[in-house]
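These are the residues of each chain, in order.
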Amino acid sequence: MASASGAEPDAEDAEEAEEAIYEEVLPCDRMELSQQLAVEELITTEASYVHNIQLCVSDIRAHLQKKQLPDLDLEGLFSNTDDILHVSRRFLKGLEATATQGQEQLLCISTLFHEFKEEMETVYKIYCASYDHALQLVESYRKDPRLQEEILETLNATVPHTGASDLSFFLVMPVQRVTKYPLLLEKILKNTPASSSAHSALQAAARAMAQVNANINEYKRRREVATKYNKAEHLTLRDRLARLNTHSIAKKTTRLSRLLMHEAGIVAKTEDKEYDDLEEKFQCVVSSVATLKENVASYLGHLEAFLLPTPHQRDLQMDEGPAQQYRHFAECLQYTVFPEFKRRLDRLVCQPLSSLSDMLVGPQQLVKKRLDKLLDYEEIQERKSEMGNVTYDEEAAMNTYLAINDLLVAELPQFNQVVVQLLRQILCSFSALQRDLAAQVLQRADKELEQMPHGHMPLPSFWKVVEDTLQHSGAQLRTFCQTFETVMPSPVTQPLNPAEERKVLSLVSKHGPDKLYQVTSNISGSKDLDLTLLRGQVVALLQSADTKGNTSRWLVDAGGPRGFVPAAKLQPYSPVQSQQRGMDLLTPESGTERRRHSYALPEAPKPQVATFTPTFQVVAGFSFAARSPQEVNLQAGQPVVVLEPHDKKGSKEWSLVEVNGQRGYVPSSYLVTVPVQEPMGWSLPV
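Here the structure is a predicted model, which is why all the values come from computation and not from measurement.

(A) Quick peek at the overall build of the chain. The helix and strand inventory of the chain stands at 16 helices and 11 strands. Looking at the 686 residues of the chain, the share that counts as buried comes to 34%. Partitioning the intrachain contacts of the chain with sequence separation of at least 6 by distance along the chain shows that 67% fall at a separation of at least 24. Carbon and sulfur atoms form 55% of the exposed surface of the chain, whose accessible area is close to 42,300 Å².

Next comes the structure, spelled out in structure tokens:
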């Protein structure tokens, strides 16, 4: 009885222990099963995703390309889908390979995500940043019945089993997939025991993919800010005035005040050495592109000016010989070589250079906007340090600055590198075109030279012929000049009345003696801004061309009115004081001698008149305080010695002078030239 009664409890204990073990094993099996299902879901959904992307690229896009619809922006719709497909195929291959790893499968999956996270971030952030633009394109195509019909026809022909009625069905897949990776990893992690060796690895992989999504969102936000501010707006004055309101005026005033305090050193600037270096390189690139564009335009202008004279089209009354050979050579250059060179220059240099210049406008706008936002950021930071908090709008303004700054720091290096490469290619193309042009011209010239009578003449003999020809032509030209000056004598010096003498002295003090000209015949103004002057009036030259670059019309100062006069009716003058009656008279430089040319024969010496030329000196018209070590102080009326009438860059706004033994730059407009009064009387002959 005792033994029997003792056996019953043992049996009951065994049954209870068995039930407990079963209850422990069953949850473990459920967790392992859920883990396997989660892993299978990751792999199968990835395979389905890759298949759909493949359909999108190879079927849908290819079918639309064959239609060649001009209004359909395939690049804007599909963006970098090819890159996403390439990365996803390799990732799927790695996932499928983990199925044979057994217990190490979870570790392999975690490692695979770490290996692909950078590539995924790179390709998906580009796609996600352009996704909104793709949706805008889809929406615009819906409003176009013809395009919508073509798109539906393509979907029905390539992917009828999907039932898709719009391209957005496929375009959203990459956005959904990259956001689902962290969720799938969390699902696997949830069904993985904390004691498992793969638990920490899965946690790290889930955090990494969550960070990838965060980085993509931040990049997308930066791109949205950049898209908002880097557009070049061409607004009229009326549009700009319409945008003004109390808020915008207050904001611009605050920025200007902050900028002035920076320049005055009242507040410190926010230092960002990395960005400052990048911006300096960018501005250098912008300046290089602008300079090259200007030089190429000038080069084209000179080339066109070179082609303007066409002596080969004139009737030279020479049917054979060197003149006819020159005609053939010039016609070949005029109608064959140079037009082809100009066409290639426009296609290989001018057009790429213009496109490159247009490409710089957006970044320039963004750099300019960054400065505005930096001033706002500093102002808000200062207010935040004083008050402890900021408003929602102020927080958004600070985030806008940070987004623009981070975007520029991240992308300016690549942008500068690409622009420099393009600039190098353009310069190489330009050099190659110049070499080709020189080779073609020399080749044509050699062919014509072989047919000329002097083509095979020894070089010393050839130069002897050239010298004899030039001497003979020079003698003919001198004879012609002598005959011409006999028939057309030079204008006679016109006497000046006292009022005109005072006006001349005023012009000398303003413009200097070397700018004086006298009118040789009456001038009647016929155009706007033209002056009407009488013979004998003295004027000062302001500019030796009009606003259109015409050098036959000069801008002059007539002692009050300013305007344009024909250059052919002016003769240079310099102030000379006569000994008669002690009066200051002004006579022309060539008033006592005939017009001279560089090729005229020397003339017999003439009796010298006892006159003396008053000296002129440069004085400070206004006081000036030096603002840097390169400048020098001036006092009004202080004599100065002008060393160079321009600065190191050739600008005439600044002059290098010496004052009291000190050298430095001063504004050229602060300097005036005045005559020095000397005692009347005789002077030594000159």
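Still to come is the rest of the account.
(B) Representation of the packing of helix α13 (residues 361-387) against helix α14 (residues 392-450). Between α13 and α14, whose axes approach to 8 Å, the crossing angle comes to 140°. Classified by the interaxial angle, the pair formed by α13 and α14 is oblique. The handedness of the crossing between α13 and α14 is left-handed. On the side of α13, the interface is formed by Pro363, Leu366, Val367, Lys369, Arg370, Lys373, Leu374, Tyr377, Ile380, Gln381 and Arg383, while α14 contributes Glu394, Ala397, Met398, Thr400, Tyr401, Leu402, Ile404, Asn405, Leu407, Leu408 and Phe415. Of the residues assigned to the contact of α13 with α14, the class counts are 14 nonpolar, 3 polar and 5 charged.

(C) Representation of unusual backbone geometry within the structure. We note that glutamine 68 has phi near 55°; this positive angle belongs to a residue other than glycine. One can find glutamine 68 in the loop between α1 (2-67) and α2 (74-78). Within the chain, serine 79 stands out as a residue other than glycine whose phi angle is a positive 50°. With respect to the element layout, serine 79 can be found in the loop between α2 and α3 (81-97). A relative accessible area of 23% means that serine 79 is categorised as partly exposed.

(D) Expanded view of a nonpolar patch on the surface. Taken together, the side chains of Met359, Val418 and Leu422 make up a nonpolar region of the molecular surface, amounting to roughly 210 Å² of accessible area. Its place among the elements puts methionine 359 in helix α12 (residues 322-359). A relative accessible area of 34% means that methionine 359 is categorised as partly exposed.

(E) Region of interest: the pairing of strand β2 (residues 538-543). With 3 bridges joining them, strand β1 (residues 516-519) and β2 adopt antiparallel strand pairing. Looking at the pairing, tyrosine 517 lines up with valine 539 of β2. With 3 bridges joining them, β2 and strand β3 (residues 553-557) adopt antiparallel strand pairing. Its bridge partner lying in β3, alanine 540 is registered against aspartate 557.

(F) Structural detail: the pattern of salt bridges. Applying the stated criterion to the full structure yields 25 salt bridges. As a salt-bridge pair, lysine 464 and aspartate 468 come within 3.5 Å of each other at their nearest N and O atoms. Residue lysine 464 and its partner aspartate 468 are located together in helix α15 (residues 459-487), separated by 4 residues, close to a single helical turn. Residue lysine 464 is classed as partly exposed on the basis of its relative accessible area, which comes to 47%. Among the residues examined, aspartate 468 registers a relative accessible area of 35% and is labelled partly exposed. Put simply, aspartate 530 and arginine 553 hold a salt bridge, and the shortest N to O gap is 2.4 Å. Of this pair, aspartate 530 sits in the loop between β1 and β2 while arginine 553 sits in strand β3, placing them 23 residues apart in sequence.

What counts as what
Residues numbered from 1 in each chain as written. Predicted model: local features only at pLDDT ≥ 70, side-chain atom pairs only at ≥ 80, totals over all residues. Heavy atoms only, no water. Helix = DSSP H or I, 4+ residues; strand = E, 2+ residues; numbered from the N terminus. Buried < 20%, exposed > 50% of the residue type's maximum accessible area, 1.4 Å probe, protein only. Contact = heavy atoms within 4.5 Å. Areas by Shrake-Rupley, 256 points an atom, 1.4 Å probe, with all protein chains shown as cover. Axes fitted to C-alpha atoms, helices over the stretch in contact; angles between N-to-C directions. Parallel < 35°, antiparallel > 145°, perpendicular 65-115°, else oblique. Left-handed = near helix turned anticlockwise from the far one by under 90°. Nonpolar A, V, L, I, M, F, W, Y, C, P; charged D, E, K, R; others polar. Patch = residues over 30% accessible without salt bridge, like charges linked within 9 Å, V, L, I, M, F, W, Y side chains within 5 Å. Salt bridge = Lys/Arg side-chain N within 4 Å of Asp/Glu carboxyl O. Pairing = 2+ DSSP bridges.

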